[in-house]
Amino acid sequence: MIQTVISENLPVDERLIIKKNSIGNKDGKRVCIVTGIHGDELEGQYVCYELMRRLKKESHQLKGRVEIYPALNPLGVDSVTRAIPTFDLDMNRIFPGNPDGHMIEYVAHRIIEDLAGADLVIDIHSSNVYLYEIPQARISKTFSDKLMPIAEMLNLDFIWVHDAATVLESTIAHSLNSIGTPTVVVEMGIGMKITKEYGDRLVDGIINMLDKFGMWGGNLPVRIKQPIISTVGDVCFINANYSGVIINPMPHSSRVCKGDVLCQIVSSLTGEVLENVEAPVDGLLFTMRSYPIVYEGSLLARIFYKQ
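Everything numeric here is computed off the predicted structure, so don't read it as measured data.

All right, on to the overall build of the protein then. Of regular secondary structure, the protein possesses six helices and 17 strands. Relative to the compact-globule value of 19 Å for 307 residues, the protein shows a C-alpha radius of gyration of 20 Å, a close match. A principal-axis box enclosing the C-alpha atoms of the protein has dimensions of 60 × 50 × 35 Å. Counting over 307 residues, the protein shows a buried share of 55%. A fraction of 69% describes how many contacts in the protein between residues 6 or more apart in sequence connect residues 24 or more apart. Accessible area of the protein: about 13900 Å², with a carbon and sulfur share of 51%. Across the protein, 29 positive and 37 negative side-chain charges occur, with their mean positions spaced 7 Å apart.

Here it is in structure tokens:
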């Protein structure tokens, strides 16, 4: 059942409309899938399609209700912009919103109201257009005890438990977790693209999670991957020491050893290799630069390692 969550007037005879599609019934648990907070992050669009397709195929096997919100920032998705066009606001920096604030603060408030009380919310993101990410959950240390067992069901490669930063307090995940609505953030792939393999894996994970929640009696995935789990301090950040062009990047998701060359930074003007970027530790390369132009200080890679 398709429902309108929010419908607000825009200046010139148009409306900001956010919709959700619900399947199942109100008896039992309620799981919500949200994506499209950032308009240039499109990996979640395929997940919404494929999950709804599978659930509809065996709808009689669903106990409880699944609600899918494909685009919380529909203006951004339509225009392929990260922020909300015209307002120039990052939607994931204004939660929990304000019922008496300007329109976007009010929209954020209404979204929280609509999601509050769910048994689980999965907030799906892509990386930006510069970095490629393996399928992973990102969990604030504050909520890790409650969220870790759920994230382990989702068929991901990696779970990154991190310290809460001030900016995270204005995200949808932090706002919902703070009012007792468990919310797991999933990040995978790259901005402006869809990685079907990753989407299929996450849908398998969501079906597996529904089964573990007692919500699903239909077909199950053949295999669910057990993720590598990071705790605070286990992630090494590698930044560029020179401005230039990167070539020969190592595939992300590779296992690397200390001293392995992750990529080269070269000068297109002089034909020189400015830097052979080496792995400072042994570990899992879970983030790798995709966009080839870099400046001194640009993030190139992240490696999970055991201390």
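There is more to say, and it comes next.
Another point: the domain arrangement of the protein. Split into domains, the protein comes out as domain 1 (2-226) and domain 2 (232-306). Distance from the C-alpha centre of domain 1 to the C-alpha centre of domain 2: 30 Å. With 16 residues of domain 1 at the interface, the matching set in domain 2 holds 16 residues. Buried area between domain 1 and domain 2, both sides added, is near 1300 Å², and the carbon and sulfur share of it is 69%. Summed over the shared surface of domain 1 and domain 2, the result is one salt bridge. Ionic pairing is found between Arg-302 and Glu-133, a salt bridge with its closest N-O pair at 2.5 Å. Secondary structure elements with two or more residues in the side of domain 1 that touches domain 2: strand 6 (131-140) and strand 7 (158-162). No other element matches the six residues that strand 6 contributes to the side of domain 1 that touches domain 2.

Moving on: the environment of Ile-293. On the secondary structure map, Ile-293 appears in strand 16 (residues 293-294). With 161 residues separating them in the primary sequence, Ile-293 and Tyr-132 have C-alpha atoms 14 Å apart. Excluding residues that lie within four positions of it along the chain, Ile-293 makes contacts with Gly-244 and Val-245.

With that settled, the discussion passes to empty space enclosed by the protein. If you walk through the whole model with that rule in mind, you get one cavity of 30 Å³ or more. Size it by volume and the largest cavity reaches roughly 40 Å³. Leu-16, Leu-72, Asn-73, Leu-75, Ile-84, Met-91, Ile-104 and Val-107 are the residues that line the largest cavity. Considering only residue class, the lining of the largest cavity consists of seven nonpolar, one polar and no charged.

Our focus in this paragraph is unusual backbone geometry. With an omega of 10°, the peptide bond between Phe-95 and Pro-96 qualifies as cis. Mapped onto the elements of the fold, Pro-96 is located in the loop between helix 2 (74-79) and helix 3 (103-115). Within the chain, Val-80 stands out as a residue other than glycine whose phi angle is a positive 55°. Summarising the element assignment, Val-80 is placed in the loop between helix 2 and helix 3. Here Val-80 falls in the partly exposed class, since its relative accessible area comes to 38%.

Quick notes on the rules
- Residues numbered from 1 in each chain as written.
- Predicted model: local features only at pLDDT ≥ 70, side-chain atom pairs only at ≥ 80, totals over all residues.
- Heavy atoms only, no water.
- Helix = DSSP H or I, 4+ residues; strand = E, 2+ residues; numbered from the N terminus.
- Rg over C-alpha atoms; globule rule 2.2 N^0.38 Å.
- Buried < 20%, exposed > 50% of the residue type's maximum accessible area, 1.4 Å probe, protein only.
- Contact = heavy atoms within 4.5 Å.
- Areas by Shrake-Rupley, 256 points an atom, 1.4 Å probe, with all protein chains shown as cover.
- Lys, Arg positive; Asp, Glu negative; His and termini not counted.
- Charge placed at Lys NZ, Arg CZ, Asp CG, Glu CD.
- Domains from an automatic or database assignment.
- Buried area = accessible area lost by both parts, 1.4 Å probe.
- Salt bridge = Lys/Arg side-chain N within 4 Å of Asp/Glu carboxyl O.
- 1 Å grid on protein atoms, 1.4 Å probe; cavity = no way out; pocket = protein on both sides within 12 Å on 5 of 7 lines; lining within 4 Å.
- Points joined across faces, edges and corners; volume = space filled by probe spheres on them.
- Nonpolar A, V, L, I, M, F, W, Y, C, P; charged D, E, K, R; others polar.

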